[in-house]
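Architecture at a glance
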Amino acid sequence: MGTAPKKYLAKILFIGSYAVGKTSVRRNWCGQKFEESYLATIGVDFSILDIELSKDITWKLNLWDLAGQASYQSVTRSFLTHPSGIIVVFDVTREDTKKAIFNWLQRVYNENRHIVHPIPVIVLGNKTDLTPGVNTDITNYSTFNLRDYEKIDFVNLDYIPTSAKLGENLEEAFNILVNKLHQNQLDIEKTIV
Ligand SMILES: Nc1nc2c(ncn2[C@@H]2O[C@H](COP(=O)(O)OP(=O)(O)OP(=O)(O)O)[C@@H](O)[C@H]2O)c(=O)[nH]1
Ligand SMILES: [Mg+2]
């Protein structure tokens, strides 16, 4: 007798400063082409992705791609609750957007203080195509002090340099996200049983 098929549902939040490339990454993951022109997200954009992890395990990912512009902060606040995974994006050419990551994660934490288990967080240092010579090895954490961010209670963090323009490391980032989501789900189930 085989095991019953399992269907999981995840809410994935895309957060980070304006124009860092959140929508561009989401579009890439959904098989859409890269847009050079900047069309700011107003409030939130949605996509749904169905992933077959194995014959018996499927994940439905609801991608919540939030507006980064500060003027929408009061609107986006209500979308921050109950994330299953978080994609935080910064622009490697704009230092302020990297500094802003901490505040974004704090904002998520403020809306989810009841969370008792870690949440997969993947930080994307995007637009590596604009900094020729930068180390885009996904195992290179040197530009990023992970421990600072892990001070925020729920964070289980990875860092991946990407280029949404060239499609660099985006498939890798997606696979890491899905694997972390699933591993996290198994860990949670273990604590319930
Ligand atoms: N060179 C380069 N440009 C990029 C890259 N990713 C996104 N862009 C450009 O950066 C601009 C902003 O991209 P978006 O994906 O709309 O940024 P966003 O984070 O969704 O912005 P908000 O919705 O305002 O929060 C657009 O003009 C994109 O074409 C990248 O990897 N390299
Ligand atoms: Mg956007």
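Residues numbered from 1 in each chain as written. Chains lettered and ligands numbered in written order. Predicted model: local features only at pLDDT ≥ 70, side-chain atom pairs only at ≥ 80, totals over all residues.

All right, on to the overall build of the chain then. Broken down by element type, the chain carries five helices and six strands. The secondary structure elements of the chain, listed N-terminal to C-terminal, are β-α-β-β-α-β-α-β-α-β-α. The 193 residues of the chain split such that 32% are buried. (Helix = DSSP H or I, 4+ residues; strand = E, 2+ residues; numbered from the N terminus. Buried ≥ 20, exposed ≤ 12 C-beta atoms within 10 Å, placed from the backbone.)

What follows concerns helix 1 (residues 22-29). When you tally the buried positions in helix 1, you get seven out of eight residues, the bulk of the element. K22, T23, S24, V25, R26, N28 and W29 are the residues of helix 1 that are buried. As for helix 1, its buried residues are in contact with strand 1 (6-15), strand 2 (44-54), strand 3 (57-66), strand 4 (85-91), strand 5 (119-126) and helix 5 (170-192). Looking one or two places after helix 1, you find G31, whose phi comes out positive at around 80°. (Contact = placed C-beta atoms within 7 Å.)

Bringing the site of ligand 1 into the picture now. Taken together, 23 residues sit near ligand 1, with G21, T23, S24, T41 and G68 positioned nearest. The greatest single-element share of the shell around ligand 1, amounting to three residues, is contributed by helix 1. Taken together, the residues of the shell around ligand 1 break down into eight nonpolar, nine polar and six charged. (Near = placed C-beta within 6 Å. Nonpolar A, V, L, I, M, F, W, Y, C, P; charged D, E, K, R; others polar.)

Now for helix 3 (residues 95-110). For helix 3, spanning 16 residues, the distance from its first C-alpha to its last is 24 Å, which sits close to the expected 22 Å at 1.5 Å a residue. Of all the bends in helix 3, the greatest measures close to 30° and is centred on I101. Of the positions making up helix 3, those classed as buried are T97, A100, I101, W104, L105 and V108. (Expected span 1.5 Å × (residues − 1). Bend = angle between axes of the 7 residues up to and from the residue.)

What follows covers the nonpolar core. Membership of the largest hydrophobic core comes to 36 residues, with the highest contact counts inside it found for L13, I87 and V88. When residues of this core are traced back to their parent elements, those giving at least two are strand 1, helix 1, strand 3, strand 4, helix 3, strand 5, strand 6 (155-161) and helix 5. Each residue touching L13, except ones within four places of it in the same chain, is listed here: W64, L66, L80, P83, I86, I87 and V108. (Core = buried A, V, L, I, M, F, W, Y, C linked by C-beta atoms within 7 Å.)

Attention now goes to the environment of Y159. Residue position: Y159 is located in strand 6. In this structure Y159 comes out as buried when scored by C-beta crowding, with 20 C-beta atoms within 10 Å.

The next subject is the pairing of strand 1. Judged from the nine bridges that link them, strand 1 and strand 3 form a sheet pairing that is parallel. Across the sheet, K6 pairs through a bridge with I57, a residue of strand 3. The pairing of strand 1 with strand 4 spans four bridges and is parallel. Bridging across to strand 4, F14 finds its partner in I87. (Pairing = 2+ DSSP bridges.)

Let us look at the confidence of the model for the chain. Chain-level statistics for the chain give a pLDDT mean of 88 and a share of 88% at 70 or above. For the chain, the element scoring lowest by mean pLDDT is helix 4 (residues 146-150), at 60; helix 1 scores highest, at 98. (pLDDT = per-residue confidence, 0-100.)

Here ten bridges tie strand 2 to strand 3, and the two strands are oriented antiparallel to one another. Within strand 3, the position partnered with V44 by the bridge is L66. Connecting strand 2 to the next strand, strand 3, in antiparallel fashion are two residues.

As a further point, take the environment of L130. Tracing the backbone through its elements, the reader meets L130 in the loop between strand 5 and helix 4. For L130, a count of 13 C-beta atoms within 10 Å corresponds to the partly exposed category. For the pair L130 and K165, spaced 35 residues apart in sequence, the C-alpha to C-alpha distance is 9.8 Å.

We note that H82 has phi near 55°; this positive angle belongs to a residue other than glycine. Turning to its location among the elements, H82 is positioned in the loop between helix 2 (73-76) and strand 4.

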